[in-house]
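# Residue-level structure breakdown
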Amino acid sequence: MTSSASAQRVPVVHGLFDGATWTVTYVVHSGPGSACAIIDSVLDYDPKSGRTRTTSADKVVDYVAANDLKVAWILETHAHADHLSAAPYLKKRLGGQVAIGHQIARVQQVFKGLFNLEPDFRPDGSQFDRLLADGEEFKVGALVGKVMAVPGHTPACVAYQFGDAVFVGDTLFMPDVGTARCDFPGGDARALYASIRKLLSLPAQTRLFMCHDYPPNDRPVAFETSVAAQRADNIHVHDGVTEAQYVDMRTRRDATLEMPVLILPAVQVNIRAGEMPPKESNGTAYLKIPINAL
Ligand SMILES: [Fe+2]
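The structure reproduced in this document is the subject of the present report. (Residues numbered from 1 in each chain as written. Predicted model: local features only at pLDDT ≥ 70, side-chain atom pairs only at ≥ 80, totals over all residues. Heavy atoms only, no water.)

### Quick notes on the nonpolar core
Counting residues in each nonpolar core, the largest one holds 39 residues, and the members touching the most others are Val-27, Leu-90 and Ile-271. Listing elements by their share of this core, those giving two or more residues are strand 3 (35–39), helix 2 (55–66), strand 6 (70–75), helix 3 (87–94), strand 7 (97–101), helix 4 (104–115) and helix 8 (263–270). Dropping the residues within four chain positions of it, Leu-90 is found in contact with Ile-38, Ser-41, Ala-57, Val-60, Val-61, Ile-74 and Gly-95. Ranked by size, the runner-up nonpolar core spans 26 residues in total, among them Cys-157, Cys-182, Ile-196 and Val-227. (Core = buried A, V, L, I, M, F, W, Y, C linked by side-chain atoms within 4.5 Å. Buried < 20%, exposed > 50% of the residue type's maximum accessible area, 1.4 Å probe, protein only. Helix = DSSP H or I, 4+ residues; strand = E, 2+ residues; numbered from the N terminus. Contact = heavy atoms within 4.5 Å.)

What follows is the structure, given as structure tokens:
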């Protein structure tokens with residue numbers, strides 16, 4: 001095995017946990033001085049004041065600088081409903097292309113209607129630098145990233161595989177937390193079950209990196225697990241749970257969940273690849289709250 005092949009098999013993964021939104025941003029690379037991809041960045045947003053901050057994103061900037069990394073990609077696993085993306089800020093600071101799964105157009109169509117967005121808003125994914133299809137590969141220096149479509153939580157969800165590491169987005173959570181909800185527009189528990197089985201058909205030692213952690217009880221925050229651990233212990237989808245059992249559980253559970261605190265601001269911004277809506281005539285950008293529509 002060549003050294004580049006082994007680097008490909010075991011990429012370096014650095015996770016930064018955002019305690020305000022329970023989100024993990026990852027930087028994946030092949031060592032100091034190499035190219036990197038940033039996955040699922042967070043722009044801090046205070047819903048009480050409508051103010052944004054870049055404290056979380058600046059931790060990514062600091063890590064990239066400390067390791068002399070060159071940002072090739074700023075990746076989203078999906079249009080998040082629980083935090084705003086910092087992709088435009090990171091692109092301005094660090095460079096790189098912003099990419100998401102190509103089914104994002106379906107999500108944009110739904111939310112363009114819900115938010116009655118301006119006619120100029122094109123629900124075709126053109127706000128992103130690159131749209132990625134299932135099975136597509138892209139380079140991060142010596143690393144090769146591979147796109148896995150994993151619909152269910154949203155129709156546009158993708159996972160990113162780099163060697164033995166897979167960034168699963170909102171499909172699986174840690175084994176003691178379970179799986180992502182499927183009740184947002186376009187969500188589908190049956191599709192999520194199939195996506196999860198696809199992830200869990202990877203080799204047993206494959207490292208799986210979660211997009212979120214919601215630790216129960218006093219467990220410390222954790223976001224790395226493995227295919228073997230998920231197959232043995234995931235409380236929702238361990239081996240032996242059938243599709244019908246899963247869909248029944250997921251549907252009942254979703255009916256009890258409140259909407260995420262930031263879903264309305266987050267979705268409006270994230271379907272624009274993290275950009276704010278166009279400024280109005282007074283120079284201020286506004287987010288909309290649809291009444292009795294979601
Ligand atoms: Fe999500």
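Now that the structure has been shown, we can carry on.
### A closer look at the sheet that holds strand 6
Strand order across the open sheet formed by six strands is 1-2-3-6-7-8, with mixed pairing between neighbours. Each of the sheet's edge strands pairs with one partner strand only, and the pair in question is strand 1 (12–18) and strand 8 (130–132). Pairwise comparison of adjacent strand axes, ignoring direction, gives a mean angle of 25° for this sheet. Sheet topology places strand 3 next to strand 6; five bridges connect them, and they run parallel. Counted as the bridge partner of Ile-39 is Leu-75 from strand 6. (Pairing = 2+ DSSP bridges. Axes fitted to C-alpha atoms, helices over the stretch in contact; angles between N-to-C directions.)

### What to know about the coordination of the iron ion
Surrounding the iron ion are the protein donor atoms His-78 (NE2), His-153 (NE2) and Asp-170 (OD), at 2.1 to 2.4 Å. The motif formed by the donor residues of the iron ion, counted along the single chain, is H-x74-H-x16-D. Of this pair, His-78 sits in the loop between strand 6 and helix 3 while Asp-170 sits in the loop between strand 12 (165–167) and helix 5 (189–199), and the two are 92 residues apart along the sequence. The two residues His-78 and Asp-170 agree in class, both being buried. (Donors = N, O, S within 2.8 Å, 3.2 Å for Na, K, Ca; no water.)

### Section: the side chain of Arg-181
Within the secondary structure layout, Arg-181 lies in the loop between strand 12 and helix 5. Polar side-chain contacts of Arg-181 include one of 2.7 Å to the side chain of Asp-183. In contact with Arg-181, not counting residues within four places along its chain, are His-153, Arg-250, Asp-254, Leu-257, Glu-258, Met-259 and Pro-260. (Polar contact = N/O pair within 3.5 Å; in protein donor to acceptor, adjacent residues only side chain to side chain.)

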